[in-house]
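Results of the structural survey
One-letter residues, chain by chain:
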Number of protein chains: 2
Amino acid sequence: MNLRHFVRDVPDYPKKGITFFDITPILKSPEAFRYCIDRFVDLYKDSGATKIVAADARGFIFGAPLALELGIGFVPIRKPGKLPYKNRCITYDLEYGTDTLCMHVDAVEQGDKVLMIDDLLATGGTAEGMVKLVREAGADIAGAGFVVQLNFLDGDEVMKANDVRHDYLLEID
Amino acid sequence: MNLRHFVRDVPDYPKKGITFFDITPILKSPEAFRYCIDRFVDLYKDSGATKIVAADARGFIFGAPLALELGIGFVPIRKPGKLPYKNRCITYDLEYGTDTLCMHVDAVEQGDKVLMIDDLLATGGTAEGMVKLVREAGADIAGAGFVVQLNFLDGDEVMKANDVRHDYLLEID
């Protein structure tokens, strides 16, 4: 399957001059969506991962089914104020300003091997924040899987700099 | 399985005097999460549904795996500005003020039988908005499935008033 046929280029979103890669056509196609999850299962079935974390909101769409298929727990990572129980949060630098991500304090623990799943690896800012959040909780990163990697941005380098093995199902140059 | 053991009561969230029912313990337990999806599959495998819609963000966590299991497309419903392609939106009344929900214009079409999935049926405000959005696109509602129904709020009546058959996996009085 050529996954590129299911990623729609949307010009000038979220602002003028930026092209957004829209993955909703993957979701609309049962075959393309199943293909993504099956490839992730192949990549991670022997990874020893004990939990999957994914960030609000598109990460949930890929991370949750994969957790079910691998038979491991799913942990949502969200912005401050979105998770009802006690939160562990991290604030990290982005190109312009900062951002904050949180998870429940009992979501992962020491000894967990945590797999991160997201739809897109772009600048790597969010992914790096997730890595730090998981490691500060005392857990290890088992790997990071992305549906799409944008090769013209620095996400690949950021993952390597953080010593995280990562995989992607489609790269866009 | 008693799903109630996996729903955590969080007092005074999102504001004082309100108890929030936190479903993240379901997600953390592979057995509880799998139980939910299997029960939804049993409920809807013969429904003739052609698409699943779910709202940002917890709805994605249950709706996406179910779409995969049923072999039908998944359609995300989000707040304005969150979906990159052309949007169809609806603004609906809530107890205090209004809210707006959107989906892509090509997400569902006439002839689709759409199944709505969400974690919680409370006042029914969001669910009613989703019903209107889907019907305005010319599609039919095949049903609505919720992990939890709060019996002390009006969601049940709202679904009946909208002529939507709905199911839930756990009711809380």
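Our subject is the structure listed above.
Residues numbered from 1 in each chain as written. Chains lettered and ligands numbered in written order. Predicted model: local features only at pLDDT ≥ 70, side-chain atom pairs only at ≥ 80, totals over all residues. Heavy atoms only, no water.

1. Observations concerning the pairing of strand β8 (residues 140-150) of chain B
Residues and elements named next belong to chain B. Across the 11 residues of β8, 10 count as buried, placing the element largely inside the fold. When strand β7 (residues 113-121) meets β8, the two strands line up parallel, connected through 8 bridges. When the bridges of β8 are listed, Met116 appears paired with Ala144. Each parallel crossover has a hand, and for β7 linked through helix α4 (residues 125-136) to β8 it is right-handed. Note that β8 and strand β9 (residues 166-172) share 6 bridges and pair parallel. Bridge pairing links Phe146 to Tyr168 in β9. (Buried < 20%, exposed > 50% of the residue type's maximum accessible area, 1.4 Å probe, protein only. Helix = DSSP H or I, 4+ residues; strand = E, 2+ residues; numbered from the N terminus. Pairing = 2+ DSSP bridges. Right-handed = clockwise from strand over helix to strand, strands pointing away.)

2. A few points about the nonpolar core
Counting residues in each nonpolar core, the largest one holds 71 residues, and the members touching the most others are Phe62(A) and Phe62(B). With residues near it in sequence (within four places) discarded, Phe62(A) still touches Ile23(A), Ile26(A), Leu27(A), Phe33(A), Cys36(A), Ile37(A), Ile117(A), Asp119(A) and Val147(A). (Core = buried A, V, L, I, M, F, W, Y, C linked by side-chain atoms within 4.5 Å. Contact = heavy atoms within 4.5 Å.)

3. Considerations on the relation of the copies chain A and chain B
For the pair of chain copies, the relating transformation is a rotation about an axis with a translation along it. With an axial shift of 0.0 Å and an RMSD of 0.0 Å, the rotation relating chain A to chain B amounts to 180°. Such a turn and shift between the copies fits a two-fold axis. Identified as the residue of chain A closest to the rotation axis by C-alpha distance is Pro65(A), at 2.3 Å. The residues that chain A uses at the interface reappear at the interface of chain B in 100% of cases, marking a shared surface. (Least-squares fit on C-alpha atoms with pLDDT ≥ 70 in both.)

4. Structural notes on the interface of chain A and chain B
Opposite the 36 residues of chain A that make contact, chain B presents 36 residues. Considering only the surface of chain A that becomes buried against chain B, Lys28(A), Leu68(A) and Pro84(A) emerge as the three largest contributors, covering 22% of it. The interface formed by chain A and chain B includes 2 salt bridges. Across the salt bridge formed by Arg8(B) and Asp106(A), the nearest N and O atoms sit 2.8 Å from each other. No other element matches the 6 residues that helix α3 (residues 58-70) of chain A contributes to the side of chain A that touches chain B. The residue inventory of the side of chain A that touches chain B, partitioned by class, reads 20 nonpolar, 5 polar and 11 charged. (Buried area = accessible area lost by both parts, 1.4 Å probe. Salt bridge = Lys/Arg side-chain N within 4 Å of Asp/Glu carboxyl O. Nonpolar A, V, L, I, M, F, W, Y, C, P; charged D, E, K, R; others polar.)

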